[in-house]
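# Structural characterization, general
So you can see what is in the structure, the chains are spelled out below.
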Amino acid sequence: MSWYKRISENILTPTSEKKEVPDGIWTQCPGCKTAISTKTIHKNAYVCTTCNHHLQIGSREYFEILFDENEFTEMDANMISADPLEFKDTKAYPDRLIDSIKKTKLKDAVRTAHGKSNGLDLVVVCMDFSFIGGSMGSVVGEKICNAVKFCIENRFPLLIISRSGGARMMEGALSLMQMAKISANLALLSQNGLPYISLMTDPTTGGVTASYAMLGDLNIAEPNALIGFAGPRVIKETIGQNLPEGFQRSEFLLEHGFLDFIIDRKDLKDKLSSLLKIMQKLPSGE
Amino acid sequence: MENNKQIFEFERPIYDLITRLEEMKAITSENQVDMSGAVAVLEKNILELKNNIYSNLNRWQKVQISRHTNRPYTLDYIEAITTEFTELFGDRQVKDDKAMVGGFARIGEYPVMIIGQQKGRDLKSRQFRNFGMPNPEGYRKALRLMRLAEKFGVPVITLIDTPGAYPGLEAEERGQGEAIARNLLEMSVLKTPVICVVIGEGASGGALGIGIGDKVYMLEHTWYSVISPESCSSILWRTWEKKELAAEALKLSAQDNLELGIIDGIIPEPLGGAHYDHQFVFNALKEQLLSDLDVLTKTDTPTLIQNRIEKFSKMGVVDYI
Ligand SMILES: [Zn+2]
């Protein structure tokens, strides 16, 4: 019997995608500590109106920001992790999965969907950091590869929004192989001449950086996002020194030539449409 | 066996018996007494004990063997199984990475490009080789050599032996993540046969960065996983001490990886590990490579690439609600 049979049905019932936030609720910005009306922040693409700090958001919010009228078709919505290694550390892997599912109302660390963005067909892959640190296991690999195949079949462009601590330890080498699997499928997408834009958000590290996040036709990032292969703690331990200010942040990567540009979340949707139209040689519209 | 300087705790009972055997032989020659019966029994016991211990190695013991300092390293294999090796240096951009070596050679009559991470044996050479941990230049050098091989239709062989890609400040500045990612993509569509063999440690992205092949093998006592048992222990158990449990949980052995469908086969090592008999693994590796080169060089390139992508696309296990 699979572990997921143990989860009650009501937990897996999808919650409604969007709830209107009532007035009078406040959010403290983690950047400048200012208390700002939650409604205002949400209307500002979850970016602080005082200091431009980009709040950590997930697939629900990105889909809402990118898809017209928040209308989209989710793919592989019922795919969940198996436990091929029967992995157990201080907790059994299935128990971790159940806890994460209950806590986040998500089924794994990525969601994939297609819909219209400014009237343009777009496939969006978005990672959810709240689900076991956005870690990449078999589900992430399989969903992304299916999304890539869908792009090739329909000749749609691809956007992947990364936010991840890297590969998921609980699936061992199978997690590692997702890097290979996704990269191989991205090679096919590229051979088909379809645009792939990789958006890196805070944080994007480990095996995700060392595979699909860095393989976009355009590699772009939100401001001040931590992006790297090794985590700052590991590097600090290796070199025995403190790391320079701004090390591994978006602006640092841009200066070292690894990003095409940095984009404010508020401008993301329009910038994407503009570039994707150019890359697909479509008329500019209005 | 007697020359082995690095003896593992689990081998101690074997060495205790060997010491007794030596004492017995000494007594025999000093006192002119015939103990040949007892010697024979003890020799038989030693052999049985060896078989028993070495065929029941747990995963952490295999990790230890994979790191034994008398194991052959990449350049040892190249010297033993190839002819006409010409080492090629540099990534043509920044520098030459000493943790990644490679060059043209022949195996049998087959021209090949052979590439691998290189570790050092003594302190000085270990530092020179950066403990087998490549910087981005290493991965870019490997890719440059692979492209060179592709241009001339020469098969690529990679030998994997690394505790990980180097987690340094400059490695990050020069795009360690991008370098590995680029290799994964390019290797998956490289227009020439690729055979990869884990000969020691296969640690995470640093190993995979030269690990996308038509055939992927592991030597019998090596490991290949998403993280080292020590780092896994420190993250999940919040202590470095649970490395044995972590090794078991990660299922990182050659046998595990074969069962998980990650590798195509296991290349045998001599009893106790490659360090006990280098020639044994040289022969076993060469035999495997020659038999694959026979097949892969006769396969047309589009089929080769399609099969390679399909092979990796099948990896992973998911469920549905
Ligand atoms: Zn703020």
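The rules we used
Residues numbered from 1 in each chain as written. Chains lettered and ligands numbered in written order. Predicted model: local features only at pLDDT ≥ 70, side-chain atom pairs only at ≥ 80, totals over all residues. Helix = DSSP H or I, 4+ residues; strand = E, 2+ residues; numbered from the N terminus. Rg over C-alpha atoms; globule rule 2.2 N^0.38 Å. Contact = placed C-beta atoms within 7 Å. Buried ≥ 20, exposed ≤ 12 C-beta atoms within 10 Å, placed from the backbone. Expected span 1.5 Å × (residues − 1). Pairing = 2+ DSSP bridges. Domains from an automatic or database assignment. Axes fitted to C-alpha atoms, helices over the stretch in contact; angles between N-to-C directions. Parallel < 35°, antiparallel > 145°, perpendicular 65-115°, else oblique. Nonpolar A, V, L, I, M, F, W, Y, C, P; charged D, E, K, R; others polar.

A few words now on the overall build of chain A. Scanning chain A from N- to C-terminus turns up 9 helices and 10 strands. Relative to its length of 286 residues, chain A is compact, with a C-alpha radius of gyration of 19 Å against a globular reference of 19 Å. Seen through its principal axes, chain A has C-alpha atoms that stretch 55 × 45 × 45 Å. Sequence separation of at least 24 residues holds for 68% of the intrachain contacts in chain A that already meet a minimum separation of 6.

All right, on to the environment of Met133(B) then. All names here are of chain B. Within the fold, Met133 resides in the loop between α5 (123-128) and α6 (136-151). Residue Met133 is classed as buried on the basis of its C-beta count, with 23 C-beta atoms lying within 10 Å. Considering only alpha carbons, one finds Met133 and Cys196, 63 residues apart in sequence, at a separation of 18 Å.

The next subject is helix α5 (residues 138-154) of chain A. For α5(A), which comprises 17 residues, the first-to-last C-alpha distance of 24 Å matches the rise-based estimate of 24 Å (1.5 Å per residue) to within 8%. Buried residues of α5(A): Ser138(A), Val139(A), Val140(A), Gly141(A), Glu142(A), Lys143(A), Ile144(A), Cys145(A), Ala147(A), Val148(A) and Cys151(A), and no others.

This brings us to the pairing of strand β9 (residues 218-221) of chain A. All names here are of chain A. Two elements, strand β8 (residues 196-204) and β9, share 4 bridges in a ladder whose sense is parallel. Considered in β9, the bridge of Ile197 is made with Leu218. Relative to strand β10 (residues 261-262), β9 runs parallel, the two sharing 2 bridges. Within β10, the position partnered with Ile220 by the bridge is Phe261.

The next point concerns the domain arrangement of chain B. The extent of an interface is frequently quoted as the accessible surface area lost upon association of the parts. Structurally, chain B comprises domain 1 (9-56) and domain 2 (63-313). Computed over C-alpha atoms only, the centres of domain 1 of chain B and domain 2 of chain B are separated by 38 Å.

For the rest of this paragraph, the subject is the interface of chain A and chain B. On the side of chain B, 44 residues touch chain A, which itself brings 54 residues to the contact. Counting only elements with at least two residues in the side of chain A that touches chain B, the list comes to β4 (79-81), α5, α6 (172-191) and α7 (232-239) of chain A. Here β4(A) pairs with strand β9 (residues 318-320) of chain B via 3 bridges, running antiparallel. Among the inter-strand pairings, Met79(A) is bridged to a residue of β9(B), identified as Tyr320(B).

This part is about the packing of helix α3 (residues 59-66) of chain B against helix α11 (residues 243-250) of chain B. Residues and elements named next belong to chain B. Where α3 contacts α11, the two axes come as close as 8 Å, and the packing angle between them is 100°. As the angle between them shows, α3 and α11 are arranged roughly perpendicular. Two secondary-structure elements touch here, α3 through Arg59, Trp60 and Val63 and α11 through Lys243, Glu244, Ala247 and Glu248. Partitioned by chemical class, the residues of the contact of α3 with α11 number 3 nonpolar, no polar and 4 charged.

Residue and element names in this part refer to chain B. Counting buried positions along strand β5 (residues 194-203) gives 10 out of 10 residues, so the element sits mostly inside the fold. With 4 bridges connecting them, β5 and strand β6 (residues 215-219) associate as parallel partners. Paired with Val197 across the two strands is Tyr217, which belongs to β6. Examined bridge by bridge, β5 and strand β7 (residues 223-225) share 3 bridges and lie parallel to one another. Along β7, the bridge assignment pairs Ala203 with Ser225.

What follows concerns the packing of helix α4 (residues 74-81) of chain B against helix α13 (residues 278-296) of chain B. Helix-helix packing: each pair is described by the crossing angle between the helix axes and the interaxial distance. Residues and elements named next belong to chain B. Contact pair α4 / α13: the axes reach a minimum separation of 10 Å and the direction vectors enclose 70°. The pairing of α4 with α13 is recorded here as roughly perpendicular in orientation. Only Phe282, Leu285 and Lys286 of α13 make contact with α4, whose side of the interface consists of Tyr77, Ala80 and Ile81.

Residues and elements named next belong to chain A. Strand order in the open sheet made by the 7 strands is β3-β5-β6-β7-β8-β9-β10, with mixed pairing throughout. Two strands lie at the open edges of the sheet, namely β3 (72-75) and β10, each paired on one side alone. Those strands touched by helix α3 (residues 59-66) are β3, β5 (110-117), β6 (120-127) and β7 (158-164), and its axis lies near 165° from that of β6.

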